[in-house]
Amino acid sequence: MKKTVTKLADGRELLYFDTDEAVARDTPDLRSLDPVDSRPELRRDPATGDWVTIASHRQARTHRPPADACPLCPSRDGRLGEVPAADYETVVFENRFPSLAGELGRCEVVCFTPDHETSFADLSPARARLVLDAWTDRTAALSARPDTAQVYCFENRGAEIGVTLSHPHGQIYAFPRITPRTTKMITAAAAHRAATGRNLFEDLLAEARATPERLVSTGTHWTAFVPYAARWPYEVHLHPHRRVPDLTALNEAERAEFPTLYLDLLRRFDRLFPDPAAPGGLLPAPYVSAWHQAPREGGRELALHLELFTVRRGPAKLKHLAGTESGMEAFINDIAPEEAARRLREAHG
């Protein structure tokens, strides 16, 4: 992998990741841009202890532009976007409308491919590996910042999720505080260690591997399964067999196997809902794909794993976070985890 670091016209950092070591990345950003003016604020909810980010400047961010005005496409045919080059493989840059900035963290955008009309599931294993390498690079770099508590790599896909740019892309957040969900997992892991002397995530993986009804797929180094108490209609957790705290700790064998298993999972999600009226006869799955990593300090009992879920529960039905979920954080799942796992096992190519 070759990494090239450059700057955009407003001073934001941009990084190209390429499989070709000989490629040159020296195209300047010819746009006239004012410096990014973002002043997010962290406020602590005294009733729950949770930290809430106030980022009112994001109201002005780009919202569902037409394909010929996509800011994430390469700069071609006289159209200038966030990526100055006329082509790229994988690129990462600082978000122009960040939720977190300065001493309050950092937000980056990851463009998986220059092709606007594809998805992560359409990548080759080699290109998916390049994205994994980019996630790993950014995890290492952002974790080294003194203001970073934890690094979160994720992808939101689909308008149903709330995506405002349809180009295949994800994001990376360097949080200045440990997030509420991570805090819950750290607390649960500590209680499990105190009660059993074992690691919670190792036990969860072992239990899943011993429960065929909830397994989706397995490899030499990774296993994908539906959790026992899945919150979402179709939710899969992908764990490496060897417990590691974050992406930087994966070994080469684990990195090499990941792309094939992950691409297979994404394609299974896209095969869940046949629809003769949809392109290709299938409804693409809107999903969130989220890497859970241990924070920089403390919480090292938390094991690296990826959580993938869709809000689609039927061809014309979405899982909305309504009164119980949004109001009380009490999830109700309409699909049994064992049934979800069966359907995903059957959704092979």
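Each remark here, short or long, concerns the structure printed above.
So, here's what we can say about the structure.

About the criteria used
- Residues numbered from 1 in each chain as written.
- Predicted model: local features only at pLDDT ≥ 70, side-chain atom pairs only at ≥ 80, totals over all residues.
- Heavy atoms only, no water.
- 1 Å grid on protein atoms, 1.4 Å probe; cavity = no way out; pocket = protein on both sides within 12 Å on 5 of 7 lines; lining within 4 Å.
- Points joined across faces, edges and corners; volume = space filled by probe spheres on them.
- Helix = DSSP H or I, 4+ residues; strand = E, 2+ residues; numbered from the N terminus.
- Nonpolar A, V, L, I, M, F, W, Y, C, P; charged D, E, K, R; others polar.
- Core = buried A, V, L, I, M, F, W, Y, C linked by side-chain atoms within 4.5 Å.
- Buried < 20%, exposed > 50% of the residue type's maximum accessible area, 1.4 Å probe, protein only.
- Contact = heavy atoms within 4.5 Å.
- Pairing = 2+ DSSP bridges.
- Axes fitted to C-alpha atoms, helices over the stretch in contact; angles between N-to-C directions.

Overview of the layout of surface pockets
At step 1: Here the second largest pocket is characterised by a volume of approximately 740 Å³.
At step 2: Around the second largest pocket, the lining is made up of 34 residues, and of these Glu117, Thr118, Ser119, Arg157 and Pro284 lie nearest the centre.
At step 3: Looking at the lining of the second largest pocket, the elements that each hand over two or more residues are strand E7 (150–157) and helix H4 (252–270).
At step 4: Considering each element in turn, the lining of the second largest pocket owes the most residues, three residues, to E7.
At step 5: When its residues are assigned to classes, the lining of the second largest pocket shows 15 nonpolar, nine polar and ten charged.

Quick look at the nonpolar core
At step 1: Residues Phe120, Trp135, Phe258 and Trp291 are the most contacted members of the largest nonpolar core, which totals 51 residues.
At step 2: Phe258 has contacts with Leu132, Trp135, Trp222, Leu238, Trp291 and Leu306, leaving out every residue within four places of it along the chain.
At step 3: Formed by 14 residues, the second largest nonpolar core is a distinct cluster that contains Leu72, Tyr88, Val109 and Cys111.

Describing the sheet that holds E7
At step 1: Strand order across the open sheet formed by eleven strands is E1-E2-E5-E6-E8-E7-E12-E13-E11-E10-E9, with antiparallel pairing between neighbours. Among the strands making up the open sheet, the edge pair consists of strand E1 (2–7) and strand E9 (215–218). The mean angle between the axes of side-by-side strands here comes to 20 degrees, regardless of whether they run parallel or antiparallel.
At step 2: In this sheet, strand E8 (residues 169–175) lies alongside strand E6 (residues 106–111) in antiparallel orientation, the contact comprising six bridges.

A few points about empty space enclosed by the protein
At step 1: For the coordinates displayed, the defined rule picks out one cavity of 30 Å³ or more.
At step 2: By volume, the largest cavity is sized at about 30 Å³.
At step 3: Around the largest cavity sit Trp135, Cys153, Phe154, Glu155, Tyr262, Ser289, Trp291 and Leu306, which together line it.
At step 4: Every element with two or more residues in the lining of the largest cavity is listed here: E7 and strand E12 (287–292).
At step 5: The dominant element in the lining of the largest cavity, judged by the number of residues it contributes, is E7, at three residues.

What to know about the environment of Asp68
At step 1: Among the secondary structure elements, Asp68 is positioned in the loop between strand E4 (51–54) and strand E5 (90–94).
At step 2: When its relative accessible area of 57% is taken as the criterion, Asp68 is described as exposed.

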